[in-house]
Each structure stands twice: as structure tokens, then as C-alpha cells.
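This is what each chain is made of:
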Amino acid sequence: MSSAISLNVGIARSAGSSGAADAKRVLLAEPRGYCAGVDRAVETVEKALEKHGAPVYVRKEIVHNRHVVETLRERGVIFVDETDEVPEGALLVFSAHGVSPAVHASAAERSLRTIDATCPLVTKVHQEAKRFARDDFDILLIGHEGHEEVEGTAGEAPDHVQLVDGPGGVEGVTVRDENKVIWLSQTTLSVDETMETVRLLRQKFPLLQDPPSDDICYATSNRQTAVKAMAPECDLVIVVGSRNSSNSVRLVEVALNAGAKAAHLVDYAREVDTAWLDGVRTVGITSGASVPEILVEGVLELLAEHGFADVQPVTTANETLVFALPRELRPARR
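Every value quoted in this text rests on a predicted model; they were computed, and no experiment measured them.

Conventions and cut-offs
Residues numbered from 1 in each chain as written. Predicted model: local features only at pLDDT ≥ 70, side-chain atom pairs only at ≥ 80, totals over all residues. Heavy atoms only, no water. Pairing = 2+ DSSP bridges. Helix = DSSP H or I, 4+ residues; strand = E, 2+ residues; numbered from the N terminus. Right-handed = clockwise from strand over helix to strand, strands pointing away. Salt bridge = Lys/Arg side-chain N within 4 Å of Asp/Glu carboxyl O. Buried < 20%, exposed > 50% of the residue type's maximum accessible area, 1.4 Å probe, protein only. Phe/Tyr/Trp six-rings, centres within 6.5 Å; stacked < 30°, edge-to-face > 60°. Lys NZ or Arg CZ within 6 Å of the ring centre and 35° of its normal. Core = buried A, V, L, I, M, F, W, Y, C linked by side-chain atoms within 4.5 Å. Contact = heavy atoms within 4.5 Å.

Caption draft 1: Spotlight on the pairing of strand E6 (residues 113-116). Pairing between strand E5 (residues 91-94) and E6: 4 bridges, direction parallel. Looking across to E6, one finds that phenylalanine 94 is bridged to aspartate 116. Traced from E5 through helix H4 (residues 101-109) to E6, the parallel crossover comes out right-handed.

Laid out in C-alpha cells, this is it:
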């Protein structure tokens, strides 16, 4: 999945070089950008277009990135909120965030041909919810109200799942049997905030059980770790990502909490306010897990035009995980 390597790559070297105090530099977080689940989801839609032609319908945004959605829309993808907006018998792709059984049933009622691009790590959480509901546990799902992933997971066991929206949501939680309580989480949360929520839940329910394995995905965790490594050195951190991307928003919070003097979220280089650069010597750059690298390159080019040409990587992990495409789109075996 990922292998940890030395922290602070590039940071110590710059600090020890002559004139470093006056030099402008960029610390570029690695890993950043596309995770395996996003890569799979975007490729799923592209392959569906190649195989079936336009239009291809997608329920919600395939991933939470404005550029990706707009690019696919130009190629003939039609994004809808619900299945009843899709003509009967048409092709519908479910987004990386997953859907509830009710959505699958609604698609079947309309005789839609469906391809499920749900991230396998989200599917894992769905399976956990079903398993613990069968065992009659109260499931405390840590996540953000209204997020598509949370709606899909909760829909697997609505009578057993209770949403806990961060530390502030703990006080109102009640359970039937304190001996049978488990927490699960949305995959794109802040690791630190989630652990604080769990700590508070465990104070209230000492027998609270942990998930069988981490629910926060490896990519979310890795990107936060990289930002934590560079943030203390940064006068400014720019996170490339969309405002409806949970993991991108979390990266801004993580940067500020880890010591960055300022942090901003942008979709495109044109959204960077050059006034942010006044008096700045070190800029950190990262991107959310649904962000194509071309958008990061645009920000780097803009910074270079303003004297930030020295780009130093800050690498905290190597990611090698790849997910297979949905079976409907895999090449036929010979």
C-alpha cells in the first residue's frame, strides 16, 4: 500500500544552505493528488464512454473535483442527483463515494444498466456496517452530515447507525446496550479529529469497540502526514482541491493545526491571491486525493513567476496501491 521513508526530505537541506533564510522556496508534499480509488473511479467513467459512447450518466459527482467533473461533462457525461433523472434502460455509474441499497433498488426498478465505481475502501466500511448490524450492534458512524459517503454507509443499516459529526456530536449519542457499541468512520476525515471523537466516545462508552481495520483511508492519512511534516516550516500552505472535497478541506485544517502561518484552498492557480505571497519565504503545496496533477503544476508555474522556483519535495510515504476496474469494463480474458 505505502511504505514510510524519511521525513523532512528537502527541509533540512534548505535550512542548512547558505542564504536559505532569504531564499524563496516551495515545499512540495509527497504523496499528494489522486489516490487509487479516485484513479479507478475516473478511469471507470472514461472507459464507459469509450465502450458505450455518450451519454453516460453518473449519480452525483464521480469524485469531488470541479475540474474533473467539468472535463467529463464536456465529453458527454451527464451528472444527476437521483436515479429518477436517468432515462429508463440508460447506463448509470455510481460515484466513488458509494450508494445505499435503496439507490441500487431504485436503479433496478428503472431497468438501468449500472457500473459501480465505489472505492473499495468505502465498500469495506459498508461491509463492516452490515456485519455489525447483523450482530445487533449500535454503530456510531463518525462523519459529516450530508456527505454522500456517510449517506451510503448509513443506508446499509439505518436502524443501527447513528451519525457522530465530530467531537461536538458526542454529547447527544445514546445507545441501547453499552456492551455492544462500535465506531466506524467516513474514509476522508481528519485523523486527529477522528481520534479525538473516539476518545470522547470511549469516555462515555468504555466498552466501545474499534473497527476491524482502519476506516480512514491510507491516502487521506498519508496526505495529512506529509502536510504535518512541512507545515511548521511554511509561511503559507496552498491546498489544491475543491470546497466540497472533505479530504481537501481537512488538509487546510491540518496545515494550520501543524504550524503553518496561513493556509488556503484553491481549485485553480488563477484563484491564488498574489497578496498571500507578501513577506512569504516558504510556500507548501499539496493537493487532495481527487485532484489531477495538472492543477498542481499550474500553481507551481504561478509561484515560479513570483520568485518561488526552488521546489523541494517533502516525502513521507510511497504509494503503490492500484484497484482493478469494475468487472464490466475489464478486458476480456483470452
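The structure having been displayed, the exposition proceeds.
Caption draft 2: Here's a closer look at the pattern of salt bridges. Inspection of every chain in the model, using the stated rule, returns 21 salt bridges. Lysine 47 is the salt-bridge partner of glutamate 50, the closest N and O atoms lying 4.0 Å from each other. Here the residue glutamate 50 and the residue lysine 47 both occupy positions in helix H2 (residues 36-52), the gap between them amounting to 3 residues, near one helical turn. Among the residues examined, glutamate 50 registers a relative accessible area of 58% and is labelled exposed. Notably, a salt bridge pairs glutamate 196 with arginine 199, separated by 2.7 Å at the nearest N-O pair. Of the two residues, glutamate 196 and arginine 199 both sit in helix H7 (residues 191-204), 3 residues apart, roughly one turn of that helix. Residue class for glutamate 196 comes out partly exposed when judged on its relative accessible area of 29%. Residue arginine 199 is classed as partly exposed on the basis of its relative accessible area, which comes to 41%. Overlapping salt bridges bring together Arg66, Glu70, Arg243, Asp267 and Glu271 as one network.

Caption draft 3: Spatial organisation of the packing of aromatic side chains. In this structure the tally under the stated criterion is 1 aromatic pair. On the numbers, 5.4 Å between centres and 80° between planes, the contact of phenylalanine 132 with phenylalanine 137 is edge-to-face. There is no split in this pair, since phenylalanine 132 and phenylalanine 137 are both buried. The ring of tyrosine 268 has arginine 270 sitting right over it, with the charged end atom 4.2 Å from the ring centre.

Caption draft 4: The arrangement of the nonpolar core in detail. Counting 31 residues, the largest nonpolar core has Ile62, Val63 and Val93 as the members making the most contacts within it. Listed by contribution, the elements that provide at least two residues to this core are H2, strand E3 (56-59), helix H3 (66-74), strand E4 (77-80), E5, helix H5 (120-134) and helix H8 (218-230). Here this core takes 7 residues from H2, the largest share from any one element. Those residues in contact with isoleucine 62 that sit more than four places away from it in its chain are Ala41, Val45, Val68, Leu72, Phe79, Val93, Phe94, Ser95, Ala96, His97 and Ala117. Residues Val272, Val280, Val283 and Val296 belong to the second largest nonpolar core, which totals 21 residues.

Caption draft 5: Local environment of unusual backbone geometry. The omega angle of the peptide bond from glutamate 30 to proline 31 is 5°, so this bond is cis rather than trans. As for its position among the elements, proline 31 is in the loop between strand E2 (25-30) and H2. The step from alanine 54 to proline 55 runs through a cis peptide bond, and the omega angle for that step is 0°. With respect to the element layout, proline 55 can be found in the loop between H2 and E3. Of note in the backbone geometry, lysine 60 takes a positive phi value of approximately 60° without being a glycine. Inspection of the secondary structure puts lysine 60 in the loop between E3 and H3. At aspartate 136, a position not held by glycine, the phi torsion is positive, near 65°. Examined against the element boundaries, aspartate 136 turns out to sit in the loop between H5 and strand E7 (138-142). We classify aspartate 136 as partly exposed; its relative accessible area is 38%.

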